[in-house]
Amino acid sequence: TIRQRLVAAERQSLNEAWISQQVMIQLPPNEPAGLCVRLQPRMIEPNGCFINGFVKNKQGGPGPLEATRKAVTGDVITNVNGIGGTWQNVMMALNMAHQRAGGRA
């Protein structure tokens, strides 16, 4: 779309660079909030789920992703267990990982 092209042109003019990093997380069993993050779709490069913020775990502390100190608000989750490409794929993979850990969909 025109908006996406304008955003891409603006980002290019800023010499914006994304840094890729791998974060390994063990989801705690029966954590109702999973990674304990607020996500929103990101449909421009990099495609995935934009971290809009963090929520506390059921004990009131940081969730598993925030506890790593490797992710901050504004980061984008682009791949989970080898599944990525679109925000829908990332959400599906996050839900599958959450269910395997004992959470509810």
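Preceding this section is the structure that the text describes.
Residues numbered from 1 in each chain as written. Predicted model: local features only at pLDDT ≥ 70, side-chain atom pairs only at ≥ 80, totals over all residues. Heavy atoms only, no water.

(A) Region of interest: the sheet that holds strand 2 (residues 48-54). Across the sheet, three strands lie side by side as 1-2-3; this open sheet has antiparallel pairing. Pairing within the sheet leaves two strands with one partner each, and these edge strands are strand 1 (37-42) and strand 3 (76-77). The pairing of strand 1 with strand 2 spans six bridges and is classified as antiparallel. Looking across to strand 2, one finds that glutamine 40 is bridged to phenylalanine 50. Packing against the sheet, helix 3 (residues 87-100) makes contact with strand 1, strand 2 and strand 3, and its axis sits at approximately 60° to strand 2. (Pairing = 2+ DSSP bridges. Helix = DSSP H or I, 4+ residues; strand = E, 2+ residues; numbered from the N terminus. Contact = heavy atoms within 4.5 Å. Axes fitted to C-alpha atoms, helices over the stretch in contact; angles between N-to-C directions.)

(B) Representation of the nonpolar core. Formed by 15 residues in total, the largest nonpolar core has its most connected members in Leu35, Ile51, Phe54, Leu65, Ile77, Val80 and Val90. Only strand 2 and helix 3 provide two or more residues apiece to this core. The dominant element in this core, judged by the number of residues it contributes, is helix 3, at four residues. (Core = buried A, V, L, I, M, F, W, Y, C linked by side-chain atoms within 4.5 Å. Buried < 20%, exposed > 50% of the residue type's maximum accessible area, 1.4 Å probe, protein only.)

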